[in-house]
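# Reading the structure
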Amino acid sequence: MNARTVTLLDVARAAGVSKSTASDALQGSGRVAETTRDRVREVADRLGYRPNSAARRLRRASTGAVGLYLPQTATRLDYYMNLAFGAVDRAQEEGLDVMLLTPATGAHGRLASRVDGLLVIDPETDDPAVPALLESGVPVVTGERYLGRTPVPVGSVVCDNAASLTALLDHVGARGARHPALLAPVDTSAWAAALHATAGDWSRAHSVPVGIRTVSFAATAREAEQATSALLAERPETDAVICAPDGAALGVVHAAAAVGRTVGRDLLVASCVDGAAARGGHPAVTAIDLRPKAYGRACVELLCDILAGRTATDTTRRHDWGLEVRASTVG
């Protein structure tokens, strides 16, 4: 069957079911026994069956598009741009377009007629657009969990942000830091909440105080520089600064230089989010690689699985990260 396009009829015959049963099994609809549904899906995968996306949209009266909502203060950031590129790449593989949404999009009831599903990335509890998006009437996948009320089941793709910050703190601790500090936004998102909780847990476990300075969710390098300058003035014993927002760690480097500190030696600097700024800094900054392009792909993949009935609407999937050690913490 590899010499030609595999059809739904081919799958039905190989699985020993009718064409309509095969269709219901693959779409997650109809009254199909779970064993039959599993068998049909296994046969479809083995034969390399790919549904006709145009015909499928006509049958479902769907739009052939998914919506992507990013934190509105963070769309300029390298991390979110790479995430968006990954989401678009994966959606195109499914014959879907991606519509970038604005805060006003969720304020009216027409969204369900414009997209088949929604991706809501790093939803914040103080963002008034998020509740309307979650209640828009289409399947939703969040990138990181929403800490507010979720009136309907939603899927999620999550990173272990507690583990990644623990890895950074362990790393600077192993390099001799005894007075580390964290620059992090307020805990209105699952990511920020995990950072605050983890800093406290690590501090208690190691009997090492972790100073926390609040910066905005999408803090600029200038904002991080100002926060670090104030931190070093008040706590000159600070020997490591971990900066949460993407791209802002370069401000920490500038603040250190301004007071005669040498990054990588008497002040260790790291970032909770890797990106072009961290990789290209002087010195290059140790960071957590959250693999944003793969993350965007994973969010779309989960949404497509929910739309096709291959997984439950409240499925949670994990996404891997990596620690990139660079000169800012090793001298």
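Let us look at the structure shown here. For every chain, the first residue of its written sequence is number 1, and the numbers climb from 1 along that sequence. With the structure being a predicted model, the display of local features is reserved for residues of pLDDT at least 70 and the display and counting of side-chain atom pairs for 80 or more, all residues being used for whole-chain, interface and lining totals. Hydrogens and water molecules were not included; the side-chain quantities draw on all heavy atoms of the structure.

### Observations concerning the sheet that holds strand β3 (residues 117-121)
Between any two strands, at least two bridges found by DSSP are needed for them to pair. The way it works is that DSSP assigns letters per residue, a run of H or I at least four long becomes a helix, a run of E at least two long becomes a strand, and they are numbered from the N terminus. Here six strands make up an open sheet; going across it, the order is β2-β1-β3-β4-β5-β11 and the pairing parallel. For this open sheet the edge positions go to β2 (97-100) and β11 (316-319), each flanked by a neighbour on one side alone. Looking at each pair of strands side by side, their axes are set apart by 20 degrees on average, direction ignored. Pairing geometry for strand β1 (residues 65-69) and β3, over four bridges, is parallel. Considered in β3, the bridge of G67 is made with L118. For helices, the fitted line uses only the C-alpha atoms of the stretch in contact; every axis is such a line through C-alpha atoms, and the angle between N-to-C directions lies from 0 to 180 degrees.

### Some thoughts on the sheet that holds strand β7 (residues 211-214)
Within the open sheet, the six strands sit side by side as β7-β6-β8-β9-β10-β12. Their pairing is mixed. Each end of this open sheet is capped by a strand with a single partner; those strands are β7 and β12 (322-324). Taken over all neighbouring pairs, the strand axes of this sheet differ in orientation by 20 degrees on average, direction set aside. Bridge analysis of strand β10 (residues 286-289) against β12 gives three bridges, and the strand direction is antiparallel. Within the sheet, the bridge partner assigned to D289 lies in β12 and is G322.

### Points about helix α10 (residues 249-258)
Buried residues of α10: A249, G251, V252, V253, A255 and A256, and no others. Contact criterion: two residues are considered in contact whenever any of their non-hydrogen atoms come within 4.5 Å of each other. Looking at the buried side of α10, the elements it contacts are β6 (180-184), α9 (221-234), β8 (240-243) and β9 (268-271). Directly after α10, the chain includes G260, whose backbone phi takes a positive value near 80 degrees. Note on classification: 1.4 Å probe, protein chains only; a residue is buried when its accessible area is under 20% of the maximum for its type, exposed when over 50%, partly exposed between these limits.

### So, the pairing of β3
On a regular strand, each side chain points to the face opposite its neighbour's, so the side chains alternate between the two faces of the sheet. The buried fraction of β3 is high, at five of five residues. In terms of strand pairing, β3 meets strand β4 (residues 140-143) through four bridges, oriented parallel. The residue of β4 that forms the bridge with I121 is G143. Crossovers are marked right-handed if the path from the first strand over the helix to the second runs clockwise, as seen with the strands pointing away from the viewer. In this fold, β3 hands off to helix α6 (residues 129-134), which returns the chain to β4; that crossover is right-handed.

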